[in-house]
Amino acid sequence: MSEEVDRSEIDDIDSYGLPRIPLRGHYDVKRCDKRRQWVEKFSSTNLQHIGEWWANEGSDDSCSTTKLKGNAENVIGLAKVPIGVAGPLLIHGDHVNGHVLCPFATTEGALIASATRGATALSRAGGVMVQVGQQRMLRAPAFLMRSTHETRVLWDWLKENFRHFKQQVSLFSQHCVLIGMEPFYFGKSLVIQFVYETGDAAGQNMTTSATWHACKWALKKVEEELPGIRVVKFYIESNVSGDKKMAAGHLQSSRGWFVQAEAWIPEHILKSVLKIDSKTLLEVHHIVQEGATRIGCVGSNINVANVIASVFIATGQDVANTAESATALLHMSAVSKEELEEAQKKLFYHSDAKVYNGDTKVEEGGVYISMQLPSVVAATVGGGTMLATQKECLQIMGCHGKGTVRRLVEIIAAFALALDISTLSSVASGHFASAHERLGRNKPESGLREVHLNNEFFSKVVGSRGTLVDWTPMKVDAGTSIISELTKTEISKKVGHFGYIIHYTTNSGEVMEWPVVIKSKPLDSETATMINKMAQACGLELAVQYEKHKLDTGFRSCHTRELAIVQMEDPKLKQFLPEIYYSVSSISKDMFVYVMEYLSDENFTHLNTADDISGWTTADIKVVLRDMAKFHALFMDQLEWLQKQPWMDHAHSRETAMKLRPLWKAMLANALREFPEFWTSQVVELTTKAIDSADAMWKIFDRFPQTLIHNDCNPRNICIHKAGSVQHVSDQTDDDPRLMCIYDWEL
């Protein structure tokens, strides 16, 4: 074969003068590449990534384009789908006993994390028990007769000759075993559902071939032995097999493998891992069961299809069989302490002590959950299971090759149960949306990123001062902003404080070195999501209450409020702020950024003293109180104006105080549990009384004058201008020439 593919081979016009895909039937890599180049030209698209073959292309059958025949036609490349692993999950079955990882090929954020959370809960509860039953692969040919009487006669003959049918099938496949036939009558048509066992193969192609040859033999024999009837037409498939269909028949009798999984989860594991209690979980399960019935679902589960589809893609199964394989029934019921203890004896009996490390204490009841999947169409030999990455994914589970398909089916059922219990718990606890907000929703990148910090940006910062020369990063002490630091871990854009040294040339030609700090604000939704995650780590009750009240806690529009303050031009206000050089406020780009002066010991005292307040004297505190009063005076009696500002869409009131009482009590309970040395019984009692008195207290507050406040006034956000470093705008009321400098406004 020559190195180049001749142009004469590119037959891309059919006999009607229409375009056609060239080089059909060819699988060598050069012709596959040539075909892809034709597609690039035809579609005006660069297919660089699709055209990346295996790194060791052709080294063996699992990574060779020449072995793709039977898997795909008109091949032009490979699809790269992210693969993650869920688990480990402790499984007790006939074919697997121990901790197992399961590969998921998916682009749906939160899926693998949720399955892993479910696996953690089930493993701590002692694991999942699984049992795999019979395999049934179906093919359903149709015989069109002249009358209903002839359909009866034909069925009687076919039934009597079942033994001969088995023999005919065995002639064409050594792996395909005919185990039964069932008749369906449609007027003058007779449909026979052939039932097979196919071993470690899914068997859909082999059963089609075997059925075809066996029926051809039968047609010939019928013509010889039943001259009084005539088969008018024969069709290899009637749709009664339910191939790649979601059908009620798949619940009643299997198409594929029948498998069940079950587990018992104590109350304390529901609360500690899944952040839910059994009463709420069972209540929501009842609702989703009713919902499935109302819309006519086949089966009732939460999202089994996610496990089936992602594992099928990862392991080279026919992903279209998700239709019948995801047909499932999730059962859930309450169990007593005694029932849990009895169940754990079973789990210990089945468990290998070397791999079991469950949380076995039982102090109260919990839930029993089970999953039934009657029609899992899966294989560990043949088809896509022989491809390189798919083979490796099967090997992760110990499921590649002959004798391993039952193990694969047991693992799939166990992880389907893990995902369903985790997802249902998220729905019940109110975390479903926040988890997808945090882990999913792969929306286009927005916000401040490294690419935005370029010459154009810094030239705007320099402005009329001169001409930008260059800029370099500078390390700054951002203090102890817990929320900003934690939010950074959840999002990819730049959030927080970033120092830079700018060099620019003045209009007189002098080169200046200028340190600045860029502050980039996270969105309110990003901040709320991060706090939500913190709340979830503090237990069920606090997580539930925060999810209910997160929009009333003061963080709504927090990304726009500080920008609004620093962009104000009132000199009486600006004297108390760091100098602001440039700002960007863009809703469409999710970018809320300002550039401020670098606060250094040269001009300021008391910087970042949240962790050590020993340097604050009475005189220092008086400076801050004096200037804070001046700031409050600026917005006194401006309530109507403030309420009209788009950045001030949240103000605490008596109504919000009443709504927030359950959240405050949940926070108090968490503080008492985590820090009993600080939250003594006396402190807790006083705080509880204050929370319960919120209504009466706010009736008093409502009579007070109202103004704008900083709302996060602490030594992390406050420092003091040294005397002479800034000029007073308003009259002094004392002899101290220093000025407060305050930043990180929450308002």
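Rules of the game
- Residues numbered from 1 in each chain as written.
- Predicted model: local features only at pLDDT ≥ 70, side-chain atom pairs only at ≥ 80, totals over all residues.
- Heavy atoms only, no water.
- Helix = DSSP H or I, 4+ residues; strand = E, 2+ residues; numbered from the N terminus.
- Expected span 1.5 Å × (residues − 1).
- Buried < 20%, exposed > 50% of the residue type's maximum accessible area, 1.4 Å probe, protein only.
- Arc of directions from axis to C-beta.
- Axes fitted to C-alpha atoms, helices over the stretch in contact; angles between N-to-C directions.
- Parallel < 35°, antiparallel > 145°, perpendicular 65-115°, else oblique.
- Contact = heavy atoms within 4.5 Å.
- Nonpolar A, V, L, I, M, F, W, Y, C, P; charged D, E, K, R; others polar.
- Pairing = 2+ DSSP bridges.
- 1 Å grid on protein atoms, 1.4 Å probe; cavity = no way out; pocket = protein on both sides within 12 Å on 5 of 7 lines; lining within 4 Å.
- Points joined across faces, edges and corners; volume = space filled by probe spheres on them.
- Phe/Tyr/Trp six-rings, centres within 6.5 Å; stacked < 30°, edge-to-face > 60°.
- Lys NZ or Arg CZ within 6 Å of the ring centre and 35° of its normal.
- Salt bridge = Lys/Arg side-chain N within 4 Å of Asp/Glu carboxyl O.

S.K.: Go over helix α3 (residues 148-160) with me, naming the residues and quoting the values.
M.R.: For α3, spanning 13 residues, the distance from its first C-alpha to its last is 19 Å, which sits close to the expected 18 Å at 1.5 Å a residue. Every buried residue of α3 is listed here: Glu 150, Thr 151, Leu 154, Trp 155, Trp 157 and Leu 158. In a view along the axis of α3, the buried residues occupy a sector of 165 degrees, so they form one face of it. Exposed and oriented more than 90 degrees from the buried face of α3 are His 149, Arg 152 and Glu 160.

S.K.: Lay out the packing of helix α24 (residues 661-674) against helix α25 (residues 681-692) in plain terms, naming residues and giving numbers.
M.R.: Running from N to C, α24 and α25 point in directions that differ by 170 degrees, and their axes come no closer than 10 Å. With respect to α25, the axis of α24 lies roughly antiparallel. For the pair α24 and α25, contact is made by Arg 661, Trp 664, Lys 665, Leu 668 and Leu 672 and by Val 684, Thr 687, Thr 688, Ile 691 and Asp 692, respectively. Each residue belonging to the contact of α24 with α25 can be placed in one class, and the counts come to 5 nonpolar, 2 polar and 3 charged.

S.K.: So what's going on with the pairing of strand β6 (residues 189-197)? Residues and values would help.
M.R.: In terms of burial, β6 is a largely internal element, 8 of the 9 residues being buried. Across 3 bridges, the pairing between strand β3 (residues 128-139) and β6 is antiparallel. Counted as the bridge partner of Met 137 is Tyr 196 from β6. In this structure, strand β4 (residues 142-144) lies alongside β6, joined through 3 bridges in antiparallel fashion. Residue pairing across strands places Ala 142 opposite Val 191, the latter belonging to β6. Two strands pair when backbone bridges link them, and strand β5 (residues 177-186) and β6 are joined in this way by 9 bridges, in the antiparallel orientation. Considered in β6, the bridge of Val 177 is made with Glu 197. Linkage of β5 to β6, two consecutive antiparallel strands, is achieved through a turn of 2 residues, within which Gly 187 is found at a positive phi near 60 degrees.

S.K.: Before we move on, could you go through the layout of surface pockets and cite the residues and values that matter?
M.R.: Reported here for the largest pocket is a volume of approximately 1,200 Å³. Around the largest pocket sit 41 residues that line it, and Asn 71, Gly 316, Gln 317, Gly 384 and Leu 387 are the ones nearest its centre. Those elements giving two or more residues to the lining of the largest pocket turn out to be α5 (204-225), α9 (304-315) and α12 (388-396). Of the residues in the lining of the largest pocket, the class split is 22 nonpolar, 15 polar and 4 charged.

S.K.: I'd like to hear about the sheet that holds strand β15 (residues 591-597), residue by residue, with values.
M.R.: The strand order across the open sheet formed by 5 strands is β11-β12-β13-β15-β14, and the pairing between neighbours is antiparallel. On the outer flanks of this sheet lie β11 (466-474) and β14 (580-586), each paired with one strand and no other. With direction set aside, neighbouring strand axes in the sheet form an average angle of 25 degrees. Summarising the sheet, β14 and β15 pair through 6 bridges and their orientation is antiparallel. From the neighbouring strand, Ser 585 faces β15, where its bridge partner is Phe 592. Packing of helix α15 (residues 455-462) onto the sheet brings it into contact with β11, β12 (496-506), β13 (511-520), β14 and β15, and relative to β11 it is tilted by some 115 degrees. The strands that helix α19 (residues 558-566) touches are β13, β14 and β15; relative to β15, the one it contacts most, it runs at about 40 degrees.

S.K.: Describe in detail the sheet that holds strand β18 (residues 739-742), supporting the description with residues and values.
M.R.: Strands sit in the order β16-β17-β18 across an open sheet of 3 strands; the sheet is antiparallel. The sheet is open, and its two edges are formed by β16 (604-605) and β18, each paired on a single side. Here β16 runs beside strand β17 (residues 718-721); their pairing, made up of 2 bridges, is antiparallel. Along β17, the bridge assignment pairs Thr 605 with Ile 720. Packed onto the sheet, helix α21 (residues 618-634) meets β17 and β18 and runs at close to 75 degrees relative to β18.

S.K.: Can you tell me about the pairing of β18, naming the residues and giving the values?
M.R.: The alternating pattern of β18 places Leu 739 and Cys 741 and Met 740 and Ile 742 on opposite faces, both of which are buried. Pairing analysis gives 4 bridges linking β17 to β18, with the strands arranged antiparallel. In the strand pairing of β18, Ile 720 is matched with Met 740.

S.K.: Residues and numbers for the environment of Glu 579, please.
M.R.: Its location among the elements puts Glu 579 in the loop between α20 (571-574) and β14. The spatial distance from the C-alpha of Glu 579 to the C-alpha of Glu 597 is 5.4 Å, given a sequence separation of 18 residues.

S.K.: Quick rundown of the packing of aromatic side chains? Include the residues and the values.
M.R.: For any two aromatic rings, the description comes down to two numbers: the centre-to-centre distance and the angle of the planes. In total, this model carries 21 aromatic pairs according to the counting rule given. Centre to centre, the rings of Trp 38 and Phe 42 are 5.0 Å apart; their planes meet at 25 degrees, and the pair counts as stacked. Placement of both Trp 38 and Phe 42 in helix α1 (residues 29-43) is noted, with a separation of 4 residues, approximately one turn of the helix. Residue classification places Trp 38 among the buried residues on the basis of a relative accessible area of 14%. By relative accessible area, Phe 42 is classed as exposed at 57%. Residues Phe 458 and Trp 471 carry aromatic rings whose centres are separated by 4.5 Å and whose planes lie at 25 degrees to one another, so their mutual orientation is stacked. Taken together, the residues Phe 458 in helix α15 and Trp 471 in strand β11 connect sequence positions 13 residues apart. Judged by relative accessible area, Trp 471 falls into the partly exposed class, the value being 24%. Ring-pair connections join several aromatic residues into one group, and the members of that group are Trp 157, Phe 165, Phe 194, Tyr 196 and Trp 217. Over the aromatic face of Tyr 185 sits the side chain of Arg 152, whose NZ or CZ is 4.4 Å from the ring centroid. The aromatic ring of Phe 498 is capped on one face by Lys 494, whose charged end is 4.2 Å from the ring centroid.

S.K.: I'd love a proper account of the pattern of salt bridges, names of residues and values included.
M.R.: Counted according to the given criterion, the structure contains 30 salt bridges. With a closest N to O distance of 3.5 Å, Glu 547 and Lys 550 form a salt bridge. Glu 547 sits in the buried class, given a relative accessible area of 18%. Using a relative accessible area of 22% as the deciding quantity, one classes Lys 550 as partly exposed. Between Arg 738 and Asp 620 there is a salt bridge; the shortest N-O distance is 2.8 Å. Highlighted residues: Arg 738 in the loop between β17 and β18 and Asp 620 in helix α21, separated in sequence by 118 residues. One connected set of salt bridges, linked through shared partners, spans Arg 139, Glu 237, Asp 243, Lys 244, Arg 255, Asp 318 and Glu 324.

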